[in-house]
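A structural walkthrough
Below, each chain spelled out in residue letters.
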Amino acid sequence: MRDLLAPVGLAYGGITQIRNQLYTQEFLKSEKLDKPVVSVGNLTVGGTGKTPLVDALLTQFEGQNLKACVLTRGYGRLNNQAGSQIISRSSSPRDCGDEPLWLARRHPRSAVVVGGDRVKSSKLVRDADIFVLDDGFQHLRIKRDLDIVLLDCTVPHWHYRPLPWGYGREDFSGIKRSDIVILTRVNQAKSEHVLEIKNMVKAQGVSQVFESRIVPLSAQELWTSKVVEVEKKKIFLVSGIANPKSFEMTVKGLGAQVLDHDVRPDHYVYSQESLNEIFSSAENLGADVVLTTEKDAVKWSELKSASNKIVAAQLRTEMEFQPQLTGIYGLAADKFN
């Protein structure tokens, strides 16, 4: 059935290629910011690991005493028409979105700005050393000095066909605009599939290809930050993310006994009522721990624990690269100059 959509997908892919060419040939103008710009993006709709990569980049920049500014649209905030705003640790996820708030709380030395007009957002932070354009590969209105694109190795090849034939935001050949490609979730994919995707990328002329995986650090109790042991424990999973299967596989890899996984839509807005329902289900199954993602946890922080019998925890993670991903600021600064 999906192949019946091939003509529409090819037409859509052709239109996006024309748009890209109009920017390349400067018929459509891109605006240059006053500091280097690193774009983090992907080719497909859905989650590929962009936010964990932004997290890793901020850690790298902070280690160099650089102030980074993340420019993001703030997916998941209730008022998408609101103007640009700098996110603080005390901001509400309803106003700024879950991922921007998680980044702001994890990186207080960096700035995170949400807003539909990311050129205007950049003007709010005058002392930034570098800008990180979140989900920016197709956002050609801003000139970028380094384009990093992520490809999820757990999805089949047809996902890279243009919408609606597949899930591609553009034709796969668009990858040639990137400077660096990062293959994500390689530990959850077959090695031959990872090699196929890597060869597809290199066939488009991209030589800088890295592999990555999400590494669990620890489970922490939500309202106390105490470390929670999950190995051999009965776990009730809850997630509202784009790739819940990846989260489940990571938890099972820790030796946990996953009783059930309550999968909510991506960027799901939790209420006290929905949290009460979650804990009621967990109690009925005899769970020891209700475990969620860091992205979901920022929305739970405004609510109250719904059980005295079950621990509520979040799984802290980080992105690991092979080979090591270093020197990103230098690469962007060299092109900026």
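Residues numbered from 1 in each chain as written. Predicted model: local features only at pLDDT ≥ 70, side-chain atom pairs only at ≥ 80, totals over all residues. Heavy atoms only, no water.

Further remarks concern the overall build of the chain. Across its full length, the chain carries ten helices and 13 strands. The C-alpha radius of gyration computed for the chain amounts to 20 Å, which stays within 12% of the reference 20 Å derived for 337 residues, consistent with globular compactness. If you sum the accessible surface of the chain, you get close to 15500 Å²; carbon and sulfur atoms cover 50% of it. In the chain, the 43 positive side-chain charges and the 40 negative ones have mean positions that sit 3 Å from each other. (Helix = DSSP H or I, 4+ residues; strand = E, 2+ residues; numbered from the N terminus. Rg over C-alpha atoms; globule rule 2.2 N^0.38 Å. Areas by Shrake-Rupley, 256 points an atom, 1.4 Å probe, with all protein chains shown as cover. Lys, Arg positive; Asp, Glu negative; His and termini not counted. Charge placed at Lys NZ, Arg CZ, Asp CG, Glu CD.)

This next bit is on the layout of surface pockets. Approximately 760 Å³ is the volume attributed to the largest pocket. Looking at the largest pocket, it is lined by 33 residues, and the ones nearest its centre are Pro-52, Glu-99, Arg-185, Ile-241 and Lys-295. For the lining of the largest pocket, the elements supplying multiple residues, two or more each, are helix H2 (50-63), helix H4 (98-106), helix H7 (244-252), helix H9 (294-300) and strand E13 (311-322). Within the lining of the largest pocket, the residues separate by chemical class into nine nonpolar, 13 polar and eleven charged. (1 Å grid on protein atoms, 1.4 Å probe; cavity = no way out; pocket = protein on both sides within 12 Å on 5 of 7 lines; lining within 4 Å. Points joined across faces, edges and corners; volume = space filled by probe spheres on them. Nonpolar A, V, L, I, M, F, W, Y, C, P; charged D, E, K, R; others polar.)

Okay, the side chain of Asn-42 next. With respect to the helices and strands, the residue Asn-42 is situated in strand E1 (residues 37-42). For Asn-42, a relative accessible area of 0% gives the class buried. Looking at Asn-42, its side chain comes within polar contact range of the main-chain oxygen of Thr-44, at 3.2 Å. Reaching out from Asn-42, the side chain makes a polar contact with the backbone oxygen of Gly-46 at a distance of 3.4 Å. When near neighbours in sequence (up to four residues on either side) are disregarded, Asn-42 contacts Thr-48, Lys-50, Asp-135, Phe-137, Gln-138, Val-149, Leu-150 and Arg-169. (Buried < 20%, exposed > 50% of the residue type's maximum accessible area, 1.4 Å probe, protein only. Polar contact = N/O pair within 3.5 Å; in protein donor to acceptor, adjacent residues only side chain to side chain. Contact = heavy atoms within 4.5 Å.)

As a further point, take the pairing of strand E4 (residues 111-114). Here E4 shows a buried face lined by Ala-111 and Val-113 and a second buried face lined by Val-112 and Val-114. Where strand E2 (residues 68-72) meets E4, four bridges bridge the pair, whose relative direction is parallel. Paired with Val-70 across the strands is Val-112, a residue of E4. Here strand E3 (residues 85-86) runs beside E4; their pairing, made up of two bridges, is antiparallel. Of the residues in E4, the one forming a bridge with Gln-85 is Val-114. (Pairing = 2+ DSSP bridges.)

Leu-53, Leu-57, Ile-148, Ile-182 and Ile-328 are the most contacted members of the largest nonpolar core, which totals 33 residues. The element contributing the most residues to this core is H2, with six residues. Among all residues touching Ile-148, those that are not within four sequence positions of it are Val-38, Ser-39, Val-40, Gly-41, Leu-53, Leu-57, Ile-180, Ile-182 and Ile-328. Among the nonpolar cores identified, the runner-up in size contains 18 residues, and Phe-137, Val-155, Val-194 and Ile-197 belong to it. (Core = buried A, V, L, I, M, F, W, Y, C linked by side-chain atoms within 4.5 Å.)

Okay, the environment of Leu-237 next. Turning to its location among the elements, Leu-237 is positioned in strand E10 (residues 234-239). C-alpha of Leu-237 to C-alpha of Val-290: the two residues are 53 residues apart in sequence and 5.9 Å apart in space. The contact partners of Leu-237, leaving out residues within four places of it in the chain, are Phe-247, Glu-248, Val-251, Val-258, Asp-260, His-261, Asp-262 and Leu-291.

Turning next to the pattern of salt bridges. Counted according to the given criterion, the structure contains 19 salt bridges. Lys-32 is the salt-bridge partner of Asp-145, the closest N and O atoms lying 3.9 Å from each other. Of this pair, Asp-145 sits in the loop between strand E5 (130-134) and strand E6 (146-152) while Lys-32 is found in the loop between helix H1 (6-24) and E1, placing the two residues 113 residues apart along the sequence. Looking at Lys-32, the relative accessible area reads 45%, which means it is partly exposed. A salt bridge links Lys-335 to Asp-179; its shortest N-O distance comes to 3.2 Å. Remark: Asp-179 occurs in the loop between E6 and strand E7 (180-184) and Lys-335 occurs in helix H10 (residues 328-336); sequence separation between them is 156 residues. Here Lys-335 falls in the partly exposed class, since its relative accessible area comes to 48%. (Salt bridge = Lys/Arg side-chain N within 4 Å of Asp/Glu carboxyl O.)

This part covers a nonpolar patch on the surface. Nonpolar side chains collect at one region of the surface, where Ile-18, Leu-22, Phe-27 and Leu-28 lie side by side and expose about 380 Å² of accessible area between them. Within the secondary structure, Ile-18 sits in helix H1. (Patch = residues over 30% accessible without salt bridge, like charges linked within 9 Å, V, L, I, M, F, W, Y side chains within 5 Å.)

For the rest of this paragraph, the subject is the state of the cysteines. Per the stated rule, a full pass over the model turns up zero disulfides. Of all cysteine sulfurs, the one in Cys-69 lies closest to Cys-96, which takes part in no disulfide; the gap is 14 Å. (Disulfide = S-S within 2.5 Å.)

Attention now moves to the packing of aromatic side chains. Enumeration over the complete set of coordinates arrives at five aromatic pairs. Seen in terms of ring centroids, Tyr-160 and Phe-172 are 5.5 Å apart; in terms of plane orientation they differ by 75°. Their pairing is edge-to-face. Of this pair, Tyr-160 sits in the loop between E6 and E7 while Phe-172 sits in the loop between E6 and E7, and the two are twelve residues apart along the sequence. Here Phe-172 falls in the buried class, since its relative accessible area comes to 11%. Note on Tyr-268 and Tyr-270: the rings are 4.9 Å apart at their centroids and 80° apart in plane angle, and the pair reads as edge-to-face. By way of ring pairs, the aromatic residues Tyr-268, Tyr-270, Phe-279 and Trp-300 are connected into one cluster. (Phe/Tyr/Trp six-rings, centres within 6.5 Å; stacked < 30°, edge-to-face > 60°.)

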